[in-house]
Amino acid sequence: MPPPLQAEDVFLSKLRNVWEADTFVKLTLSDPVPSEGAGVVRKIKARPVELKEGRKVSVVECFQTREVTKNYPVQEAVRVLAEAFAKGFLRAHLFATTGDFQFRRDSSGKVSVRSARPSFTQAPDFSHDKRNVAQDALARAPFLQHLGVTNVDGLPRPGMAGKLRQVQRFVEILGHLLEDVGWDPSRSVRVADMGAGKGYLTFALAHAFRERGWKTEVIGVELRSELVENANMAALDLGFSEVQFVAGSIGQWQPPGALDILVALHACNTATDEALFLGLQSGAELLVTSPCCHQEIRPQMRLGAPLLPIAGHGILEERQAEIITDALRAHLLEIKGYHARVFEFVEPEHSGKNLMLAGVRRKSGGRSVEVLREEMGAIWKAFGLQKQCLTGLLGEEPR
Ligand SMILES: C[S@@+](CC[C@H](N)C(=O)[O-])C[C@H]1O[C@@H](n2cnc3c(N)ncnc32)[C@H](O)[C@@H]1O
């Protein structure tokens, strides 16, 4: 049996998810232990703030007669708040645009969580303002006009609103992930975009790095040679000398050296597994994928009690197979030393293919590999699985 999760883990993971999904509104820690005493912090309040130097979290410690405010970088705030909850408070109330979450910790460190409908369905306005400015600027970027996504006014061309939204969210999420990786901006970065298609995201990557002033080499790998030819012409026309497209299959392609970032958005079926494998093999610190067309697990999947009601409903079986596939992929990333994150990256109305699976290589820590393998084995057994592409490539089939 894996050990029960501790207060810090349960809370930390929820807080991170809420932050990564950009749904964080505010947080309160209350019911302090000890509850009395001169220097006791009676409550902590946290909310996001937009400062000149970027997004921070304002953390207010409320003493009996005064308040002390500190602004933390996001990652540090998440850590500080999780630690404060685990050590000094029995209740936490987290407000997100997706729901309200009430955590209670007992004296043994066990945590219960209750969720309720969101009290706030809108994130604080300031972030909208700033994000809108950045997104408008991106929509006007020459590469999006050249690729036929937007017109000169930065408005989506007919049928391209979903693609524009994907590109905008991708660039925004990439920014958050780069913050997590914490690279020195003076280094150069090699990025591979697997299953690059027409290169929308490949150019978006190059654009995002240019905006930061980073030196990059961006390689788009695509099966269809006509798309590769067109995309290379676009790179030439747009003056993106750091971008190159190559014709090839994800499973066969050899990168010219170690990769720093591996991207694969909507690479079909097991092409996502092959891309993740390549990223792991080539030492990429950041893996960004959006899996789609999950076809491998469904024909193998056996649905026994208590999941029998799923059987016979095509869409439910399909979603169940997707969930199992991506959960296994996330666990494999954790086993290989990455912090795996699964979240929706665009709103469902823009694309049904809206799940993102990202991995950031850990510098230290992580869950026990034995426990992760045990948990994988349990899924494998429960659903009668025979094979899963990434599991096989990594030689991680449960014994
Ligand atoms: C749905 S498109 C996504 C394109 C792009 N990533 C995007 O999100 O705009 C998938 C692309 O992956 C390519 N593809 C699929 N399997 C591949 C493989 N094994 N190797 C290389 N490219 C592949 C397809 O030809 C197609 O252009």
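On a predicted model such as this, the values are computed, not experimentally measured, just so you know.

Participant: Mind showing me how you'd approach the overall build of the protein chain here?
Facilitator: Helices and strands together make up the secondary structure of the protein chain, namely 11 helices and 14 strands. Whereas a compact globule of 399 residues would reach a radius of gyration of roughly 21 Å, the protein chain reaches 23 Å, a difference of no more than 12%. Considering only C-alpha atoms, the protein chain reaches an extent of 70 × 55 × 40 Å along its principal axes. Burial analysis of the protein chain (399 residues in total) assigns 35% to the buried set. Long-range pairs, those at least 24 residues apart, make up 62% of the contacts in the protein chain with a sequence separation of at least 6.

Participant: I tried to follow the domain arrangement of the protein chain on my own but got confused; where do I start?
Facilitator: It is common to report an interface's size as the accessible area lost on association of the parts. If you check the domain split of the protein chain, you get domain 1 (7–116) and domain 2 (127–393). The interface of domain 1 with domain 2 comprises seven residues on the first partner and eight residues on the second. For the side of domain 1 that touches domain 2, the elements supplying multiple residues, two or more each, are helix H1 (7–20), strand S2 (43–51) and helix H2 (74–88). Class assignment for the residues of the side of domain 1 that touches domain 2 results in three nonpolar, two polar and two charged.

Participant: I keep staring at the confidence of the model for the protein chain and nothing clicks. Help me out?
Facilitator: Detailed conclusions should not be drawn from predicted coordinates in areas where pLDDT is low. Summing up the model confidence of the protein chain, the mean pLDDT is 89 and the portion of residues at 70 or higher is 93%. Here helix H3 (residues 125–139) stands out as the element of the protein chain with the lowest mean pLDDT, 69, in contrast to strand S10 (residues 243–247), whose mean of 98 is the highest.

Participant: So what exactly am I meant to see when it comes to the site of the ligand here?
Facilitator: The full set close to the ligand counts 18 residues, and Gly 195, Gly 197, Leu 223, Ile 250 and Leu 265 are the nearest of them. Going through the elements one at a time, helix H6 (200–212), strand S9 (215–222) and strand S11 (261–268) are the ones with two or more residues in the shell around the ligand. Looking at which element gives the most residues to the shell around the ligand, the answer is S11, with four residues. Across the shell around the ligand, the residue classes break down as 11 nonpolar, five polar and two charged.

Participant: How should I be thinking about the packing of helix H5 (residues 161–181) against H6 in this particular structure?
Facilitator: When two helices pack together, their arrangement is given by the angle between their axes and by how far apart the axes lie. Axis separation between H5 and H6 bottoms out at 10 Å; the angle between their running directions is 40 degrees. Taken together, the axes of H5 and H6 lie oblique to each other. Note on packing geometry: the crossing formed by H5 with H6 is right-handed. Of H6, the residues touching H5 (which contributes Lys 163, Val 167, Phe 170, Val 171 and Leu 174) are Tyr 200, Leu 201, Ala 204 and Ala 208.

Participant: Is there a simple way to think about the packing of helix H9 (residues 314–335) against helix H10 (residues 369–382) in this case?
Facilitator: Contact geometry for H9 and H10: axes closest at 10 Å, N-to-C directions at 165 degrees. When the axes of H9 and H10 are compared, the pair comes out roughly antiparallel. The crossing of H9 and H10 is left-handed. Contact residues: Ile 324, Ala 327, Leu 328, His 331, Glu 334 and Ile 335 in H9; Val 369, Leu 372, Arg 373, Glu 375, Met 376 and Ile 379 in H10.

Participant: I keep staring at the environment of Pro 306 and nothing clicks. Help me out?
Facilitator: Note that Pro 306 resides in the loop between strand S12 (286–292) and H9. Pro 306 sits in the exposed class, given 7 other C-beta atoms within 10 Å.

Participant: Looking at this model, I keep getting lost on the sheet that holds S9. Mind explaining?
Facilitator: The pairing of strands in a sheet comes from backbone hydrogen bonds and takes either a parallel or an antiparallel form. In spatial order, the strands read S10-S9-S8-S11-S12-S14-S13; together these seven strands make up an open sheet with mixed pairing. Edge positions in the sheet fall to S10 and strand S13 (338–344), since each of these pairs with one other strand and no more. Averaged over all pairs of adjacent strands, the angle between their axes in this sheet comes to 15 degrees, without regard to strand direction. Here three bridges tie strand S8 (residues 188–194) to S11, and the two strands are oriented parallel to one another. Pairing of Asp 193 across the sheet is with Val 263, part of S11. In this fold H5 packs onto S12 and strand S14 (355–361), with an angle of close to 20 degrees to the strand it touches most, S14. Its contacts with the sheet put H6 on S8, S9, S10 and S11, and the angle it makes with S9 is roughly 175 degrees.

Reading guide: rules and limits
- Residues numbered from 1 in each chain as written.
- Predicted model: local features only at pLDDT ≥ 70, side-chain atom pairs only at ≥ 80, totals over all residues.
- Helix = DSSP H or I, 4+ residues; strand = E, 2+ residues; numbered from the N terminus.
- Rg over C-alpha atoms; globule rule 2.2 N^0.38 Å.
- Buried ≥ 20, exposed ≤ 12 C-beta atoms within 10 Å, placed from the backbone.
- Contact = placed C-beta atoms within 7 Å.
- Domains from an automatic or database assignment.
- Nonpolar A, V, L, I, M, F, W, Y, C, P; charged D, E, K, R; others polar.
- pLDDT = per-residue confidence, 0-100.
- Near = placed C-beta within 6 Å.
- Axes fitted to C-alpha atoms, helices over the stretch in contact; angles between N-to-C directions.
- Parallel < 35°, antiparallel > 145°, perpendicular 65-115°, else oblique.
- Left-handed = near helix turned anticlockwise from the far one by under 90°.
- Pairing = 2+ DSSP bridges.

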